[in-house]
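What follows is the residue order along each chain.
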Amino acid sequence: MENFLSDKWDVMPKHSSEEVLQRWRDLCGVVKNPKRRFRFTANLSKRYEAAAMRKTNQEKLRIAVLVSKAAFQFIQGMQPSDYTVPEEVQSAGFQICADELESIVEGHDVKKLKFHGGPHGISQKLATDPTNGITTESLTRRRELYGTNKFEEVEPQSFWVFVWEALQDMTLMILGVCAFVSLIVGILTEGWPKGAHDGLGIVASILLVVFVTATSDYRQSLQFKDLDKEKKKVSIQVTRNGYRKKMSIYHLLPGDIVHLSIGDQVPADGLFLTGFSVLIDESSLTGESEPVMITSENPFLLSGTKVQDGSCKMLVTTVGMRTQWGKLMATLSEGGDDETPLQVKLNGVATIIGKIGLFFAVVTFAVLVQKMIGRKWGEGTTLKWSGDDAMELLEYFAIAVTIVVVAVPEGLPLAVTLSLAFAMKKMMNDKALVRHLAACETMGSATNICSDKTGTLTTNSMSVVKSCICMGVKDLSKYSSSGISSELPDSVVKILLESIFNNTGGEVVVNRRGKRKILGTPTETAILEFGLSLGGDFQAERGLSKVLKVEPFNSTKKRMGVVLELPEGRGLRAHTKGASEIILAACDKVLNSEGNVVPLDETSVNLLKGTIDEFANEALRTLCLAYMELESGFSIKDDIPDTGYVCIGIVGIKDPVRPGVPESVALCRSAGVTVRMVTGDNINTAKAIARECGILTDDGVAIEGPVFREKSLEELYELIPKIQVMARSSPLDKHTLVKHLRTTFNEVVAVTGDGTNDAPALHEADIGLAMGIAGTEVAKESADVIILDDNFSTIVTVAKWGRSVYVNIQKFVQFQLTVNVVALAVNFYSACRTGSAPLTAVQLLWVNMIMDTLGALALATEPPNEELMKRAPVGRKGNFISVVMWRNILGQSLYQFLIIWFLQSHGKTIFRLHGYPDSDLVLNTIIFNTFVFCQLFNEVNSREMEKIDVLDGILDNYVFVLVVGATVLFQIIIIEYLGTFASTTPLTFMQWLVSIVIGFLGMPIAVILKQHFPVEN
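Residues numbered from 1 in each chain as written. Predicted model: local features only at pLDDT ≥ 70, side-chain atom pairs only at ≥ 80, totals over all residues. Heavy atoms only, no water.

1. Here we look at the overall build of the chain
On a plain count of helices and strands, the chain comes out with 38 helices and 26 strands. With respect to the principal axes defined by its C-alpha atoms, the chain has extents near 120 × 75 × 50 Å. Within the chain, the proportion of its 1017 residues that are buried is 55%. Within the chain, residue pairs in contact and separated by at least 24 positions form 74% of the contacts whose partners lie at least 6 positions apart. (Helix = DSSP H or I, 4+ residues; strand = E, 2+ residues; numbered from the N terminus. Buried < 20%, exposed > 50% of the residue type's maximum accessible area, 1.4 Å probe, protein only. Contact = heavy atoms within 4.5 Å.)

2. Description of the pattern of salt bridges
Per the stated rule, a full pass over the model turns up 28 salt bridges. Across the pair Arg 322 and Asp 99 runs a salt bridge, and its minimum N-O distance is 2.7 Å. Here the residue Arg 322 occupies a position in the loop between strand 7 (306-318) and helix 13 (324-331), and Asp 99 occupies one in helix 5 (residues 98-106), the gap between them amounting to 223 residues. Given the relative accessible area of 27%, Arg 322 is considered partly exposed. (Salt bridge = Lys/Arg side-chain N within 4 Å of Asp/Glu carboxyl O.)

3. Regarding the side chain of Lys 800
Looking at the element boundaries, Lys 800 is found in helix 31 (residues 792-834). You can call Lys 800 buried: its relative accessible area is 15%. Contacts of Lys 800, omitting those with residues within four sequence positions, involve Pro 864, Asn 865, Glu 866, Leu 868 and Met 869.

4. With respect to the packing of aromatic side chains
Two measures describe an aromatic ring pair: the distance that separates the ring centres and the angle between the ring planes. The final tally for this structure, using the stated rule, is 14 aromatic pairs. Within the aromatic cluster, the residues linked to one another by ring pairs are Phe 159, Trp 160, Phe 162, Phe 211 and Tyr 218. Sitting over the ring of Phe 115, Lys 125 keeps its end group 5.7 Å from the ring centre. The side chain of Arg 943 reaches across the aromatic face of Phe 960, ending 5.7 Å from its centre. (Phe/Tyr/Trp six-rings, centres within 6.5 Å; stacked < 30°, edge-to-face > 60°. Lys NZ or Arg CZ within 6 Å of the ring centre and 35° of its normal.)

5. Regarding unusual backbone geometry
In this model, Cys 470 sits at a positive phi of 55°, which is unusual for a non-glycine residue. If you trace the backbone, Cys 470 turns up in the loop between strand 10 (463-469) and strand 11 (472-475). In this model, Met 471 sits at a positive phi of 65°, which is unusual for a non-glycine residue. With respect to the element layout, Met 471 can be found in the loop between strand 10 and strand 11.

6. Digging into helix 25 (residues 683-693)
The element helix 25 is largely enclosed, with a buried count of 8 among its 11 residues. Along helix 25, the residues classified as buried are Ile 683, Asn 684, Thr 685, Ala 686, Ala 688, Ile 689, Ala 690 and Cys 693. For helix 25, the secondary structure elements touched by its buried residues are helix 23 (602-617), strand 19 (620-630), helix 24 (661-670), strand 21 (674-678), strand 22 (701-704) and strand 23 (723-727). If you check the start of helix 25, you find a side-chain oxygen 2.7 Å away from the backbone N of Asn 684, and it comes from Asn 682. In the stretch just after helix 25, Gly 694 is the one whose phi turns positive, near 90°. (Polar contact = N/O pair within 3.5 Å; in protein donor to acceptor, adjacent residues only side chain to side chain.)

7. Focus: the pairing of strand 15 (residues 559-565)
Successive side chains on a regular strand alternate, one facing one side of the sheet and the next facing the other. Where burial is concerned, most of strand 15 is hidden: 6 out of the 7 residues are buried. Judged from the 6 bridges that link them, strand 14 (residues 546-554) and strand 15 form a sheet pairing that is antiparallel. Paired with Asn 554 across the strands is Arg 559, a residue of strand 15. A loop of 4 residues connects strand 14 with strand 15, the two strands running antiparallel in sequence, and Lys 558 in this loop sits at a positive phi of about 60°. Here strand 15 pairs with strand 16 (residues 572-579) via 7 bridges, running antiparallel. Bridge assignment links Leu 564 to a residue of strand 16, and that residue is Arg 573. In sequence, strand 15 turns back onto strand 16 through a hairpin of 6 residues, with Glu 568 there showing a positive phi of about 60°. (Pairing = 2+ DSSP bridges.)

8. Overview of the confidence of the model for the chain
Taken as a whole, the chain shows an average pLDDT of 84; of its residues, 90% reach a score of 70 or greater. Here residues 75-79 scores under 50 on pLDDT; set against residues more than four positions off or in separate chains, the count is 6 contacts. (pLDDT = per-residue confidence, 0-100.)

9. Some remarks on the sheet that holds strand 21
Pairing is mixed in the open sheet, where 8 strands are placed in the order 8-26-25-24-9-21-23-22. The sheet terminates laterally at strand 8 (432-434) and strand 22, the two strands that pair on one side only. Taken pair by pair, the neighbouring strands of this sheet meet at an average axis angle of 20°, ignoring direction. As defined by bridge partners, strand 24 (residues 749-753) adjoins strand 25 (residues 767-771) across 4 bridges and the pair is classed as parallel. The partner of Ala 750 across the bridge, within strand 25, is Ile 767. Seen against the sheet, helix 31 touches strand 8, strand 9 (448-451), strand 21, strand 24, strand 25 and strand 26 (785-787) and runs at an angle of roughly 145° to strand 26. (Axes fitted to C-alpha atoms, helices over the stretch in contact; angles between N-to-C directions.)

10. Details of the packing of helix 11 (residues 197-231) against helix 32 (residues 841-859)
One can describe the packing of helix 11 onto helix 32 by two numbers: an axis separation of 9 Å at closest approach and a directional angle of 10°. In terms of their interaxial angle, helix 11 and helix 32 are classed as roughly parallel. Contacts from Gly 201, Ile 202, Ser 205, Ile 206, Leu 208, Val 209, Val 212, Thr 213, Ser 216 and Arg 219 of helix 11 reach helix 32 at Ala 841, Val 842, Leu 845, Met 849, Thr 853, Leu 854 and Leu 857. Here the residues of the contact of helix 11 with helix 32 sort into 11 nonpolar, 5 polar and 1 charged. (Parallel < 35°, antiparallel > 145°, perpendicular 65-115°, else oblique. Nonpolar A, V, L, I, M, F, W, Y, C, P; charged D, E, K, R; others polar.)

11. A word on the pairing of strand 20 (residues 645-654)
The element strand 20 is extensively covered by neighbouring structure, given that 9 of its 10 residues are classed as buried. Here 6 bridges tie strand 10 to strand 20, and the two strands are oriented antiparallel to one another. Each residue of the ladder has a partner; that of Ser 467, found in strand 20, is Val 651. Of the pairings in the sheet, the one linking strand 17 (residues 587-591) to strand 20 comprises 3 bridges and is parallel in character. Note on strand 20: the bridge partner recorded for Val 590 is Cys 647.

12. A look at the environment of Phe 902
For Phe 902, the location among the structural elements is in helix 33 (residues 883-910). On a C-alpha basis, the gap between Phe 902 and Ile 927 in space is 10.0 Å, while along the polypeptide they are 25 residues apart. Excluding anything up to four places from it in sequence, Phe 902 contacts Gly 907 and Ile 910.

13. Examining the nonpolar core
By size, the foremost hydrophobic cluster in this structure holds 151 residues, and its most contacted members are Leu 175, Met 443, Ile 767, Val 785, Phe 792 and Val 813. The leading source of residues in this core is helix 31, at 19 residues. Residues within four places of Met 443 in sequence aside, it is in contact with Ile 449, Ala 750, Ile 767, Leu 769, Ile 795, Val 798, Ala 799 and Gly 802. Within the second largest apolar cluster, 31 residues are counted, among which are Ile 484, Val 492, Val 493 and Leu 532. (Core = buried A, V, L, I, M, F, W, Y, C linked by side-chain atoms within 4.5 Å.)

14. Here's the deal with the packing of helix 33 against helix 38 (residues 1002-1012)
Contact geometry of helix 33 with helix 38 gives a least axis separation of 10 Å together with a crossing angle of 140°. Judged by the angle between their axes, helix 33 and helix 38 are oblique. Crossing hand, helix 33 versus helix 38: right-handed. Of the residues in helix 38, those in contact with Arg 887, Asn 888, Gly 891, Gln 892 and Tyr 895 of helix 33 are Gly 1002, Ile 1005, Ala 1006, Leu 1009 and Lys 1010. Broken down by class, the residue content of the contact of helix 33 with helix 38 amounts to 4 nonpolar, 4 polar and 2 charged. (Left-handed = near helix turned anticlockwise from the far one by under 90°.)

15. Observations regarding the environment of Ile 184
With respect to the helices and strands, Ile 184 occurs in helix 10 (residues 170-190). Sequence separation between Ile 184 and Ala 196 is 12 residues; the distance between their C-alpha atoms is 7.7 Å.

16. Quick notes on the state of the cysteines
Counted under the stated rule, the structure contains 0 disulfides. Left without a disulfide partner, Cys 587 is nearest to the cysteine sulfur of Cys 647, which lies 4.8 Å away. Classification of Cys 587 as buried rests on a relative accessible area of 9%. With relative accessibility at 0%, the residue Cys 647 sits in the buried group. (Disulfide = S-S within 2.5 Å.)

Below is the structure:
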């Protein structure tokens, strides 16, 4: 089947162009219900509309920025316009209204900002303390006057909208017309109620199909709505009532003091208060790729932009729909997720089979009409047409239309969405939030996982356990806190505490209960904890000197630095810390055991390098701390020096391997998935952790980023398949590795990332996995899946669910194509042979519901099992409809067709129906009943495509059991009680038994196919 699909039906799992997405839509010729078929695909017209609106908004904002820059140069001597505070605002205790705030930030209005006293003046007018933030008492009035930080959202569709959309099915509408005509003609010829039975039967069947379809679609939409809520959960650090805490961005109000750092998304419009080296990426709003430096001269921060570098405190001025981002979100209707490769491929399959079905429907109708006219010709009544003839002709047309209903597998692409929605909901419970539908199915094909070390393979619960200060190695577990500080010279303790508490991205705060709390990354937390254990006081130490310049940690430089102005005019001092070998290389002096500064000779360097290796071999992260006295000519515009430092010491930080990670890595290996560690840590630390996890094997290669960078293309081609650990890697190294694995080696690659600089690799990978706890907002936005617990074992769970989705859809496709083939063959053969169809319109509608909505519910929601991780991954080029599936489809189709043919030919003899009143009706009822039970047992067979035991774990899937049970119950009701509407008659016990046994025989047939007709996938 896939050979018939041209490359026009191929789309990428992500980043497909609009042209590619439009191309396959144009190929969909036979679509019964476009609204339903294309519901979970990208709305391209909305995307084009959104792009035009975005361009307009970006141009407006760009002009505002340029105007503000020009205004800044001519601001001297200008008289500001008067501003009157509205009475309502004044009575609430504020001195500035929401409109004025909006115009200042949105228009980058430097003139107005200066008139109101700058950012600190506006904070006073908003009754805000820049240090302690707003108070709880003012929250209600602030919400009433300034609004909340929420954006307008599209109202969710009600259940009745889904009913209406299900009714848009062209074939159901045609059948509805047929039912209406049948009703009128029937009542006119046979009277009420007998003449209404056929028409009412079709109407009831249509309504049943519509309501079951709508219910299934509505449930899916609710699942997607819940997932959408999870995607929008974003927290930020805020100071309120004098306490710093994490808070949802949707609870922010004007006057709030927000703490921004690298990778954060600016949550509302606001003004810069204090901070260092703040670079903002405004490309999402202005279209400018160059980052903007935010300073006290240019303090405007816009919602939706991203912090590319630095950190700062921001005063929130404008929230929600008053912000530029809010207006953009309101005007730009989301174009929806790109459709997944499987959705598109199955749309192609549905289109091809639909065309075949349409051809057979037309031929069947033509044959039936020809037989009827031939009969009337023989009777000499060609020109005499009665109401019964009209009803017969209408029945033929209804059968032809119903063949199209059954033959066009509209449910195929929708089964993908159903399975993905089910899997995404379950994965959410397993701590994985899927942001893009396609990632769910792509993860099942993953052949490589490139994982970070810290926090993913390890617990991210860090503590300093060893140190080498003043050239002496100490195991901290053997010392009390007072013991460590008492063994160090006072001058060294002082400089060490100054370095720890000032050169940090973390903070020590006191919460409402009076308990001390450390904020920051796990590494910063560990070092601050170490400083506190030395008897240090964070706030007191920070108050001693003034911070003049900060260079935040950078994953390329692998270091961070700070410049301090010392008290009492003692000059300037720079502190740095980072990767041990990098900082050590920047040092030319060291503190000796007496605490004196001495030159760093070769002996000392070798001792310190040996200490780094010793710590690293014990799987400890190592950091080096150093300082230098700066000359008086240093300007804060200058970069912090790279060399000339005094080495204070080295600390070894323990970060244990997460429980369950070695087992998960072993599971990946058995599943044919290669796990590689890509980390910024020391190579010896990385190797020690990788061996503990089972990633690094005897034949594997561990390499450092700088070495990897120097390799030629030919060397890389030979080296990359062997790389299991890459240490001291930069984001560019990770990107290069991923790109080569995907393009050169055709691997399907999943990559983890948490930092802002990981965004390119996450974007490049087939599946980008961002960390939910340690990950920045920028990383999460570039990712396809967010690992909420930062655990590697969760990544393996995602892979298992991905494989489950893929296999479940294969099961459903196998089941549905079997029904398609048999229904087409039986009706066409019967029409040609007998001039009538054994299955009526009502019966075919019931079969369609079994194979479409109910079949998808039963088979597409199978939970994953351990067997899935014992198979090799499908990879990039695997055939979705495999040879194994074709064997099962053709084998079962042939068996079912022969059974129906045999019953049609010899059924009356076997069941002794000759001379029996309504013998044709009884036989057709038996054929219908047998056909349905053949589908039911084939549904059970489809649970396993290669395994013999298809009943294994069947009770674990309650949805499957419920669907099969409900189908059997409805089948009994249709046969025994709804004969008037469904053209059936009650059957005897023996006739029921034979129908069930014939259906059941499909199971041993499946075993014979699997055992005696083995095929290679």
